Amino acid sequence: NFTPNAFVDEIVAELKEKIGNDKVVLGLSGGVDSTVAAVLLNKAIGDNLYCIFVNNGLLRKKEFENVLHQYKDMGLNVKGVDAGDRFLGQLEGISDPETKRKTIGRVFIEVFDDEAHLLTDVKWLAQGTIYPDVIESVSVKGPSATIKSHHNVGGLPDFMKLKIVEPLRMLFKDEVRRVGKTLGIDPELLGRHPFPGPGLSIRILGDITKEKVRILQEVDAVFIDGLKSWGLYDKVWQAGAILLPVDSVGVMGDERTYEKVVALRAVESTDGMTADWVHLPYEFLMKVSNDIINKVKGVNRVVYDISSKPPATIEWE
Ligand code: XMP
């Protein structure tokens with residue numbers, strides 16, 4: 001039986017022993033896993049842990065600013081790197097999902113490497129890899145066609161020559177959350193829905209532009225804030241919005257409009273491997289649809305995704 005307190009004591013002792021006085025660099029994502037990994041390492045080695053939080057321009061609305069602030073409040077030694085334009089520049093004109101993932105993975109490594117080079121004498125790279133990531137990246141390399149190239153596992157260049165430390169690699173998500181709770185991490189941060197590394201790029205079907213990112217950030221914020229204020233956020237495993245690459249006809253006053261369609265997705269799951277769509281109340285869907293269409297310029301239609309995984313996936317790309 002898993003006991004978070006015992007795990008913390010053991011892993012902190014183990015990290016101290018293993019790392020000694022070496023410096024460690026870690027990329028924070030804003031998610032539960034990298035945050036818990038950082039707090040554990042901070043407990044073990046203090047400011048010898050150098051955290052880097054990169055804005056890839058594809059995070060949720062205001063997420064970079066808010067989360068960076070939160071990390072600093074937690075006492076982490078963290079540097080925020082705003083590389084949004086660099087990522088969006090490299091993504092220009094790319095529509096293929098796997099190419100998007102690979103591009104983001106590559107630019108992330110470049111940005112991260114630039115930052116890591118500014119630090120001297122770093123010996124270790126820490127990652128928030130959890131057990132299901134380990135399993136899935138093994139299966140991706142198997143004989144069946146590539147399912148998805150999770151850029152956060154094992155994708156770092158050799159020239160960095162850093163030793164890898166992954167304090168959560170034996171844990172499942174719920175165990176990571178329990179460890180986080182024991183460590184006193186803000187319950188709101190621990191309860192955050194999973195969010196893919198490539199961020200909103202894989203929820204913008206087709207090519208990515210700044211304007212599309214803006215639209216999707218606005219839509220996503222209305223949806224997620226709505227889930228929170230209706231007390232539904234914690235009942236859902238993961239939720240988000242998808243910007244479709246089609247325009248549909250609408251009316252506004254006497255005018256016909258020709259604007260974007262967005263899909264809302266909310267799923268129940270335990271590990272992301274299988275998922276069921278959530279039966280959100282009609283009243284909620286009605287309210288959120290009205291709010292999105294009224295508040296977000298450029299959107300005139302909202303649809304709800306009622307597909308489960310399998311055979312669909314959680315993300316659309
Ligand atoms: P799918 O769409 O495969 O998603 O049903 C399962 C879970 O994985 C997340 N996901 C990703 N996470 N990099 C990530 O870090 C990715 O490229 C990626 N693709 C999907 C997805 O959000 C869901 O939680």
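For clarity, every value in this text was computed on a predicted model and none was experimentally measured. (Residues numbered from 1 in each chain as written. Predicted model: local features only at pLDDT ≥ 70, side-chain atom pairs only at ≥ 80, totals over all residues.)

### Looking at the overall build of the protein
Right, on to step 1. Across its full length, the protein carries 10 helices and nine strands.
Right, on to step 2. On C-alpha atoms alone, the protein measures out to a radius of gyration of 20 Å, which is about the 20 Å that the 2.2 N^0.38 rule sets for 317 residues.
Right, on to step 3. When its C-alpha atoms are laid out on the principal axes, the protein stretches across 70 × 45 × 40 Å. (Helix = DSSP H or I, 4+ residues; strand = E, 2+ residues; numbered from the N terminus. Rg over C-alpha atoms; globule rule 2.2 N^0.38 Å.)

### So, the packing of helix α9 (residues 210-229) against helix α10 (residues 282-295)
Right, on to step 1. The interhelical angle for the contact between α9 and α10, taken along N-to-C directions, is 150°, at an axis separation of 10 Å. Comparing their axes, α10 and α9 come out roughly antiparallel. Note on packing geometry: the crossing formed by α9 with α10 is right-handed. Side by side, α9 and α10 meet where E218, V219, V222, F223 and G226 of the first sit next to F284, K287, V288, D291, I292 and K295 of the second.
Right, on to step 2. Its residues assigned to classes, the contact of α9 with α10 shows six nonpolar, one polar and four charged. (Axes fitted to C-alpha atoms, helices over the stretch in contact; angles between N-to-C directions. Parallel < 35°, antiparallel > 145°, perpendicular 65-115°, else oblique. Left-handed = near helix turned anticlockwise from the far one by under 90°. Contact = placed C-beta atoms within 7 Å. Nonpolar A, V, L, I, M, F, W, Y, C, P; charged D, E, K, R; others polar.)

### A word on the UniProt feature "binding site: ATP" (unreviewed entry) in the protein
Right, on to step 1. Per the UniProt entry, the sites bearing "binding site: ATP" (unreviewed entry) are S29, G30, G31, V32, D33, S34 and T35 in this numbering.
Right, on to step 2. Of note, D33 is situated in helix α2 (residues 32-45).
Right, on to step 3. Classification of D33 by C-beta neighbours within 10 Å gives buried; the count is 23.
Right, on to step 4. Inspection of the secondary structure assignment puts S34 in helix α2. (UniProt positions renumbered as here; feature names shortened; annotations may be inferred. Buried ≥ 20, exposed ≤ 12 C-beta atoms within 10 Å, placed from the backbone.)

### Quick look at the packing of helix α4 (residues 84-91) against helix α5 (residues 97-118)
Right, on to step 1. Two numbers describe how α4 lies on α5: the axes approach to 10 Å, and their chain directions differ by 145°. Where α4 crosses over α5, the handedness of that crossing is right-handed. Of the residues in α5, those in contact with R86, F87, Q90 and L91 of α4 are K100, T103, I104, V107 and V111.
Right, on to step 2. For the contact of α4 with α5, the per-class residue count stands at five nonpolar, two polar and two charged.

### Observations concerning the domain arrangement of the protein
Right, on to step 1. For the protein, the assigned domains read domain 1 (4-190) and domain 2 (209-304).
Right, on to step 2. On a C-alpha basis, the centres of domain 1 and domain 2 stand 28 Å from each other.
Right, on to step 3. On the side of domain 2, seven residues touch domain 1, which itself brings seven residues to the contact.
Right, on to step 4. Its residues assigned to classes, the side of domain 1 that touches domain 2 comprises three nonpolar, one polar and three charged. (Domains from an automatic or database assignment.)

### Overview of the nonpolar core
Right, on to step 1. The biggest cluster of nonpolar side chains holds 68 residues, and the ones touching the most others in it are V24, L26, A38, L41, C51, V219 and F223.
Right, on to step 2. Ranked by residue count, the leading element in this core is α2, at nine residues.
Right, on to step 3. Residue assignment places this core across two domains, with domain 1 (4-190) and domain 2 (209-304) each supplying three or more. (Core = buried A, V, L, I, M, F, W, Y, C linked by C-beta atoms within 7 Å.)

### Some remarks on the sheet that holds strand β5 (residues 163-165)
Right, on to step 1. Ordered in space as β3-β2-β1-β4-β5, the five strands form an open sheet in which the pairing is parallel. Of all strands in the sheet, those with a lone pairing partner are β3 (78-82) and β5, marking the two edges. Taken pair by pair, the neighbouring strands of this sheet meet at an average axis angle of 30°, ignoring direction.
Right, on to step 2. Bridging between strand β2 (residues 49-55) and β3 involves five bridges; their strand directions are parallel. When the bridges of β3 are listed, V54 appears paired with V81.
Right, on to step 3. Helix-sheet contacts for α2 involve β1 (23-28), β2 and β4 (122-126), and the interaxial angle to β1 is about 160°. (Pairing = 2+ DSSP bridges.)

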